[in-house]
Amino acid sequence: MDFWKQFISGRPKDRLPFLDKDIFPSEYVPVDLSVNNVEIQGKAMGNASICQSYLDTVLAAEKGKVAFGGYLEERNLYASHANFNLPEAQRRTVHLGVDFWCTAGTKVLAPLAGRVHSYQNNDALGDYGPTIILEHQWGQHTFHTLYGHLSLDSISGLEVGGYFDAGDVLARLGTPEINVGYAPHLHFQVILDMQGLLGDYPGVAAKKDLHFYAKNCPDPRTLLNF
Ligand SMILES: [Zn+2]
């Protein structure tokens, strides 16, 4: 068994601390932003306000505060951003993290104790905006969690190596002007091997590269117990 499976199988099955404690577990509502969802076909979901009005509909119908989902989801969301305008075979359309769509300013708590591996403002349109990566230790094994689309003040005064305990306030969600061009949400991703990168890691992959990325970026819901 690889170390990640071993680590997960030994974890308690309670939900980890994650977003603002005022949000009840029942207020997290799954959302489908995949190419298969007929409700969003033909909608320019890469536009923050069009995306937000769809999310508002989903949240209102379910009396939720956070719409979440997206692991290994194939999306059209990125098609309008220049970063993803590549020949079809190389186009990055498969989402490697889980997104938590909720109000800008919402607190993000560290789900596990860890140290700041790196951080950066990835401010190209369609990228992550302010991003924090934590490093976690389990025995001699190391893995990482990435938090994207944060507010600018989330990364000011941050120090590489700085320690966060589980449940500490790590960051807050950014606005579309800062996050860069999306409806407010947290992109959360587990990354086993950072491949030498700092402050950034692909959050979307081309189908042809999925074999590698799906293994290196396991399902965050199994860690958070969502
Ligand atoms: Zn995302």
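Residues numbered from 1 in each chain as written. Predicted model: local features only at pLDDT ≥ 70, side-chain atom pairs only at ≥ 80, totals over all residues. Heavy atoms only, no water.

Chemist: Teacher, can you tell me more about the sheet that holds strand E7 (residues 129–138) here?
Modeler: One key point about sheets: their strands pair by backbone hydrogen bonds, in either a parallel or an antiparallel sense. Strands sit in the order E1-E2-E4-E11-E8-E7-E6-E9 across an open sheet of eight strands; the sheet is mixed. If you trace the sheet from one side to the other, it starts and ends with strand E1 (28–30) and strand E9 (163–164), each paired once. Pairing geometry for strand E8 (residues 141–148) and strand E11 (residues 185–191), over five bridges, is antiparallel. Across the sheet, residue Leu146 finds its bridge partner in E11, namely Gln189. Relative to the sheet, helix H2 (residues 48–62) contacts E1, strand E2 (66–69) and strand E4 (98–101), its axis offset from that of E1 by approximately 115°. (Pairing = 2+ DSSP bridges. Helix = DSSP H or I, 4+ residues; strand = E, 2+ residues; numbered from the N terminus. Contact = heavy atoms within 4.5 Å. Axes fitted to C-alpha atoms, helices over the stretch in contact; angles between N-to-C directions.)

Chemist: Help me understand the pairing of strand E6 (residues 114–122) in this model?
Modeler: A regular strand places its side chains on the two faces of the sheet in alternate fashion. Judged from the two bridges that link them, E6 and E9 form a sheet pairing that is antiparallel. Looking across to E9, one finds that Gly114 is bridged to Phe164. Relative to E7, E6 runs antiparallel, the two being bridged by seven bridges. By the bridge assignment for E7, Asn122 is matched with Gly129. Between E6 and E7, which follow one another and run antiparallel, lie six residues, and Gly126 among them has a positive phi close to 85°.

Chemist: Looking at this structure, I do not really get H2. What am I missing?
Modeler: A turn of α-helix holds 3.6 residues, and therefore any two residues three or four places apart point the same way. Under the 1.5 Å per step criterion, the end-to-end length of H2 is 21 Å for 15 residues, consistent within 8% with the ideal 21 Å. All of the buried residues in H2 are Ala48, Cys51, Tyr54, Leu55, Val58 and Leu59. Taken end-on, H2 shows its buried residues confined to a sector of 135°, consistent with a single buried face. Of the residues in H2, the exposed ones pointing more than 90 degrees away from the buried face are Ser49, Thr57, Ala60 and Ala61. Check the buried side of H2 and you find it contacts E1, E2 and E4. If you check the start of H2, you find a side-chain oxygen 2.9 Å away from the backbone N of Ser49, and it comes from Asn47. (Expected span 1.5 Å × (residues − 1). Buried < 20%, exposed > 50% of the residue type's maximum accessible area, 1.4 Å probe, protein only. Arc of directions from axis to C-beta. Polar contact = N/O pair within 3.5 Å; in protein donor to acceptor, adjacent residues only side chain to side chain.)

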